[in-house]
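Chain and residue survey
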Amino acid sequence: MSFTGTGKIWMNGSLVDWADAKIHIASHVVHYGSAVFEGARCYETPRGSACFQLDAHMRRLMDSARIYRMDSSFDQATLTAAVLDTIRANEHKACYIRPIVYRGYHALGVNPFPCPVDAAVLTWEWGAYLGPEALEKGVDVQVSSWSRAAPNTFPTLAKTSANYANSQLIKMEAVVQGYSEGIALDSFGYISEGSGQNLFLVRDEVIYTPPLSSAVLPGITRNSIVTIARDLGFQVKEEVMPREMLYIADEAFFVGTAAEVTPIRSVDKIVVGAGRRGPVTEALQSGFFDIINGEKPDRYGWLTYVYPGEPRQAVGAGQASQVAR
Ligand SMILES: Cc1ncc(COP(=O)(O)O)c(C=O)c1O
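For every chain, the first residue of its written sequence is number 1, and the numbers climb from 1 along that sequence. Given that the model is predicted, a residue must reach a pLDDT of at least 70 before its local features are reported, and side-chain atom pairs must reach 80 or more before they are shown or counted; all residues, however, enter totals for whole chains, interfaces and linings. No hydrogens and no water enter the side-chain calculation; it runs on all heavy atoms of the structure.

**Topic: the site of the ligand**
Defined as follows: Definition of nearness: a residue and a molecule or strand are near each other if at least one heavy atom of the residue lies within 4 Å of the molecule or strand. The Shrake-Rupley method, run with a 1.4 Å probe, gives the accessible areas here. Residue values count only the displayed protein chains as cover. Put simply, the grid is 1 Å and covers the protein atoms alone, a cavity is a trapped set of points that fit a 1.4 Å probe, a pocket is an open set with protein on both sides within 12 Å along at least five of seven lines, and lining residues have an atom within 4 Å of a point. A molecule is counted as occupying a cavity or pocket when more than half of its atoms fall within 2 Å of that pocket's grid points. The way it works is that DSSP assigns letters per residue, a run of H or I at least four long becomes a helix, a run of E at least two long becomes a strand, and they are numbered from the N terminus. Polar here means any residue outside two lists: the nonpolar Ala, Val, Leu, Ile, Met, Phe, Trp, Tyr, Cys and Pro, and the charged Asp, Glu, Lys and Arg; Gly therefore counts as polar.
Taken together, 16 residues form the shell around the ligand, and within it Lys-159, Tyr-164, Glu-193, Thr-221 and Thr-257 come nearest. Protein coverage of the free-state accessible area of the ligand, which is 380 Å², stands at 95%. Comparing atom positions with the cavity grids shows the ligand to sit within the largest pocket. Those elements giving two or more residues to the shell around the ligand turn out to be α2 (54-67) and α6 (220-231). Across the shell around the ligand, the residue classes tally to 3 nonpolar, 9 polar and 4 charged.

Okay, structure coming up:
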């Protein structure tokens, strides 16, 4: 996913050229990981370009900033408008969205308070994170030798850059050992999540996912999948799970803005279920993609259309529930 280096980036209230979106090397964030950020997506739907769960993402950004005592001069509504303005300025039909709130340039020292709290929004075009094939065939993963952060160390409810030092260790180990991803356990040895994805398991048609207390990011896709699954009539349990549940699951899959819904076909070279995308995973994938691709009505109000005049007229009746926001 290399950048084209063109287009606009929103920085502290102005749209600037990609090449000019620079910060000083002495900025606090560079040295101390003092940023909180979001990763969201805008999809091209038959009714127009639409951001998925934008409000939920921007709310989590505000939550992350609050946890880290970052007093941004930009509120949620302003940053949400900045996201939409940036997509429009770049004329994207579909893109990845990266708002970031960070401690800027003033002085260096662990105490971040003297530094300004700056904000930026980047957008760029991006395909399937684990490859298009992965969505159908699934990925081979390992249990990482790295654990997620222990409680009361690095708060996992905050999506902070600092947490991604841990994610990088998990991802690098997996890549070096020939796997697509790593699944980390929490500090008690229970299943947590991937380096950048939440995790679901299926056994006897019951769907399981680790609770927030198992050091997971409160994923927006995770919430969406729980909603879709319950609507499809599945029982969903948030449960603390031992590692070996990974080996005896009928199905396993990752979810996240980047990974969307990606089946897991093996863990530590033990085949999961039949070693291919299972029926529950497929049903949830369809439920998810039908909404984000605009093929089913947006009955949960998850889509925010980007351009004036969208959503375009629905084809056929019964799709009038979509509301432009
Ligand atoms: C560590 C981690 N867990 C889970 C997720 C999935 O979260 P979401 O569905 O909000 O993208 C992400 C992606 O942001 C992540 O980085």
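**Some details on the side chain of Glu-181**
Counted only if it meets this: A 3.5 Å cut-off defines polar contacts: any pair of N or O atoms within that distance qualifies, except that in protein one atom must be a possible hydrogen donor and the other a possible acceptor, and neighbouring residues in sequence count only when both atoms are side-chain atoms.
Here Glu-181 lies in strand β9 (residues 181-185). In this structure the side chain of Glu-181 is engaged in a polar contact, spanning 2.9 Å, whose partner is the side chain of Lys-171. At a separation of 3.0 Å, a polar atom in the side chain of Glu-181 contacts the side chain of Gln-197.

**Some thoughts on the packing of α2 against helix α3 (residues 76-90)**
Quick reminder of the rule: Here the axes come from fitting lines to C-alpha atoms, over the contacting stretch only for helices, and the angles between their N-to-C directions go from 0 to 180 degrees. Each angle is binned into one of four classes, with values under 35 degrees roughly parallel, values over 145 roughly antiparallel, values of 65 to 115 roughly perpendicular, and all other values oblique. Handedness of a helix crossing follows the sense of rotation of the near helix relative to the far helix, less than a right angle counterclockwise being left-handed and clockwise being right-handed. When checking whether two residues touch, look at their non-hydrogen atoms; a contact exists if any pair is within 4.5 Å.
Running from N to C, α2 and α3 cross one another at 130 degrees; their axes reach a closest spacing of 10 Å. Between α2 and α3, the angle falls in the class oblique. As for how α2 packs across α3, the hand of that crossing is right-handed. Mapping the contact onto sequence places Leu-54, Asp-55, Met-58, Arg-59, Leu-61 and Met-62 in α2 and Gln-76, Leu-79, Thr-80, Val-83 and Leu-84 in α3. Residue classes in the contact of α2 with α3 are distributed as 7 nonpolar, 2 polar and 2 charged.

**Overview of α6**
Rule in force here: Helix span is expected to be 1.5 Å times the residue number reduced by one. Only protein chains enter the area calculation, which uses a 1.4 Å probe; residues under 20% of their type maximum are buried, those over 50% are exposed, and those in between are partly exposed.
For α6, built from 12 residues, the straight-helix expectation of 16 Å at 1.5 Å per residue is met to within 8% by its first-to-last C-alpha distance of 17 Å. Within α6, burial applies to Ile-220, Thr-221, Arg-222, Ser-224, Ile-225, Val-226, Ile-228 and Ala-229.

**A word on the nonpolar core**
To be explicit about the condition: For this analysis, a nonpolar core means a set of buried residues of the types Ala, Val, Leu, Ile, Met, Phe, Trp, Tyr and Cys, connected via side-chain atoms within 4.5 Å.
Among the nonpolar cores identified, the biggest contains 25 residues, and Phe-52, Phe-200, Ile-207, Ile-225, Phe-253, Leu-284 and Phe-288 are the most heavily contacted of them. Every element with two or more residues in this core is listed here: β5 (48-52), β11 (198-203), α6, β14 (251-256), α8 (279-292) and β17 (303-305). In terms of residue count, the dominant contributor to this core is α8 (6 residues).

**Considering unusual backbone geometry**
Cis geometry is adopted by the peptide bond preceding Pro-311, which originates at Glu-310 and carries an omega value of 5 degrees. Among the secondary structure elements, Pro-311 is positioned in the segment after β17. A positive phi angle, near 65 degrees, is found at Asn-152, a position not held by glycine. At Glu-205, a residue that is not glycine, the phi angle is positive and equals roughly 65 degrees. One can find Glu-205 in the loop between β11 and β12 (206-209).

**Side note on empty space enclosed by the protein**
Keep this limit in mind: Grid points are joined across faces, edges and corners, and a volume is the space filled by probe spheres set on the points.
In the structure shown here, the tally under the stated rule is 2 cavities of 30 Å³ or more. Taken as a whole, the largest cavity holds about 50 Å³ of empty space. Lining of the largest cavity is provided by Ala-40, Arg-41, Tyr-43, Phe-52, His-57, Thr-221, Gly-256, Thr-257 and Phe-288. If one sorts the elements of the lining of the largest cavity by residue count, strand β4 (residues 40-45) sits on top with 3 residues. A class-by-class count of the residues in the lining of the largest cavity yields 4 nonpolar, 4 polar and 1 charged. Of the voids in this model, the second largest cavity is the one considered here, and its volume is about 30 Å³. Glu-251, Ala-252, Pro-263, Ile-264, Val-272, Arg-276, Arg-277, Gly-278 and Thr-281 together form the lining of the second largest cavity. Mapped onto the lining of the second largest cavity, the elements with two or more residues apiece are β14 and β15 (260-267). A class-by-class count of the residues in the lining of the second largest cavity yields 4 nonpolar, 2 polar and 3 charged.

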